[in-house]
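# Structural features, examined
Given next are the chains, with one letter for each unit.
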Amino acid sequence: MGKIILGDQILDRPDVHIDLEDRGYQFGDGVYEVIRVYGGKLFTMKEHIDRLFASAKKIKLDISMAPEQMQKLVEDLVKENKVDFGSVYMQVTRGAAPRTHMFPKPASNTKAVFTAYTNVVPRPASQLENGVEAITAEDIRWLRCDIKSLNLLPNVLAKQEAADAGCFEAILHRSGIVTEGSSSNAYIVKNGEVITHPADHLILNGITRQVLVKLCKENGIPFVEKEFELKDLQNADEVFITSTTSEVMPVIKVDGKTVGDGTPGKITRKLQELFEAKINREIMVNF
Ligand SMILES: Cc1ncc(COP(=O)(O)O)c(C=O)c1O
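Residues numbered from 1 in each chain as written. Predicted model: local features only at pLDDT ≥ 70, side-chain atom pairs only at ≥ 80, totals over all residues. Heavy atoms only, no water.

Helix and strand counts for the protein chain stand at eight helices and 15 strands. Its C-alpha radius of gyration of 20 Å places the protein chain within 12% of the 19 Å reference for a compact globule of 287 residues. Counting over 287 residues, the protein chain shows a buried share of 51%. The long-range share in the protein chain, meaning contacts at least 24 apart out of those at least 6 apart in sequence, stands at 73%. (Helix = DSSP H or I, 4+ residues; strand = E, 2+ residues; numbered from the N terminus. Rg over C-alpha atoms; globule rule 2.2 N^0.38 Å. Buried < 20%, exposed > 50% of the residue type's maximum accessible area, 1.4 Å probe, protein only. Contact = heavy atoms within 4.5 Å.)

This is the structure:
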């Protein structure tokens, strides 16, 4: 909807053409980010742009644009499209070149392709209030889940499995060790402690997760990064997931079994309140 960024320009959608041989299209050879817009302001934008550059570096992709320039372009796009509450999707691919697995040779002058567009999406108010249901599924992804890569086929399959079961998310596990959701980070609360998988190569270190770590520290809520098992998930006092679009989302049923008393837990509610306050503080800055 509205205008789109291609490279360093903001264009009308019909003027944007992506090459059939773009490596993002053919190999998933690229990285992406999704940033939330609250009250016309990009939430934790710097963190997202930094992670985009970090993901690109991990796959040896030269974005060929300064982070500050990208930031300015994305801010301009949000203004042009008059997005109040919504999101920005942005991706960088290794560019268009004759299809062969090796990177394009420097002499070919192939340039990374940066694109971004906006969506108008309301916050998931009723799900945040009532909680959602999840299934568990085998984590069949590669071993570099720390990279926010365009290759999302295992995530897509897991999410579809959840949707087919009438659930919101699939919480993934590797041989019984819970890693994260198909498009979110996953947490349990046990005896007052928030527990989540360490931020290593097996999960994406979510920006919402990083915000939560800080909020827990600042507010004296015990936060532990350690492995936990499916049976811990099944016996948890509370379960929740986080992501840019889902925020702090209570999970009230896992694989059909009720979590706690079947309503969002006390610590989850507290974290939702702290997150809400953080959003409101950010909206007010420079307003
Ligand atoms: C696999 C995966 N883990 C975690 C997250 C949460 O990351 P963030 O909080 O940065 O949105 C996402 C978000 O899309 C994701 O796809």
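Of all residues adjacent to the ligand, which total 18 residues, the nearest are Arg-51, Glu-180, Ile-207, Thr-208 and Thr-244. One of the side-chain nitrogen or oxygen atoms of Lys-148 is found 3.1 Å away from an oxygen atom of the ligand. Between Ser-184 and the ligand, the recorded distance is 3.5 Å, taken from a backbone N or O atom to a nitrogen atom. Listing elements by their share of the shell around the ligand, those giving two or more residues are α2 (45-58), β9 (177-181), α6 (207-218) and β13 (238-243). By residue class, the composition of the shell around the ligand is two nonpolar, 12 polar and four charged. (Near = heavy atom within 4 Å. Polar contact = N/O pair within 3.5 Å; in protein donor to acceptor, adjacent residues only side chain to side chain. Nonpolar A, V, L, I, M, F, W, Y, C, P; charged D, E, K, R; others polar.)

This part covers helix α5 (residues 153-164). Look at α5: 16 Å from first C-alpha to last across 12 residues, which is about the 16 Å you get at 1.5 Å a residue. Residues of α5 that are buried: Asn-155, Ala-158 and Ala-162. Buried residues along α5 cover an arc of 70 degrees about the axis, so they all sit on one side. For α5, the exposed residues set more than 90 degrees away from the buried face come down to Leu-153, Leu-157 and Asp-164. Residues of α5 that are buried sit in contact with β7 (132-138) and β8 (169-174). (Expected span 1.5 Å × (residues − 1). Arc of directions from axis to C-beta.)

Moving on: empty space enclosed by the protein. All chains considered together, the criterion is met by one cavity of 30 Å³ or more. Considering only enclosed or pocket space, the largest cavity measures out at about 50 Å³ in volume. What lines the largest cavity is simply Arg-36, Tyr-38, Phe-43, Thr-44, His-48, Ile-207, Thr-208, Val-211, Thr-244 and Phe-275. Every element with two or more residues in the lining of the largest cavity is listed here: β3 (30-38) and α6. Per element, the largest residue contribution to the lining of the largest cavity is three residues, and it comes from α6. The class makeup of the residues in the lining of the largest cavity is five nonpolar, four polar and one charged. (1 Å grid on protein atoms, 1.4 Å probe; cavity = no way out; pocket = protein on both sides within 12 Å on 5 of 7 lines; lining within 4 Å. Points joined across faces, edges and corners; volume = space filled by probe spheres on them.)

Summed over the entire model, instances satisfying the criterion amount to seven aromatic pairs. Between the aromatic rings of Tyr-32 and Tyr-89, the centroid separation amounts to 5.7 Å while the plane-to-plane angle is 25 degrees, which identifies the pairing as stacked. Taken together, the positions of Tyr-32 in strand β3 and Tyr-89 in strand β5 (residues 86-93) put the pair 57 residues apart, joining distant regions of the chain. Residue classification places Tyr-32 among the buried positions, given a relative accessible area of 12%. Each ring, one from Tyr-187 and one from Phe-223, has its centre 6.5 Å from the other, and the planes form 65 degrees; the classification is edge-to-face. Of this pair, Tyr-187 sits in strand β10 (residues 185-190) while Phe-223 is found in strand β12 (residues 223-225), placing the two residues 36 residues apart along the sequence. Here a set of aromatic residues connected by ring pairs shows up, and it is made of Tyr-38, Phe-43, Phe-85 and Phe-275. One Lys or Arg, Arg-94, reaches over the ring of Phe-103 and ends 3.6 Å from the middle of that ring. Lying across the ring of Phe-168, Lys-159 places its NZ or CZ 5.7 Å from the centre. (Phe/Tyr/Trp six-rings, centres within 6.5 Å; stacked < 30°, edge-to-face > 60°. Lys NZ or Arg CZ within 6 Å of the ring centre and 35° of its normal.)

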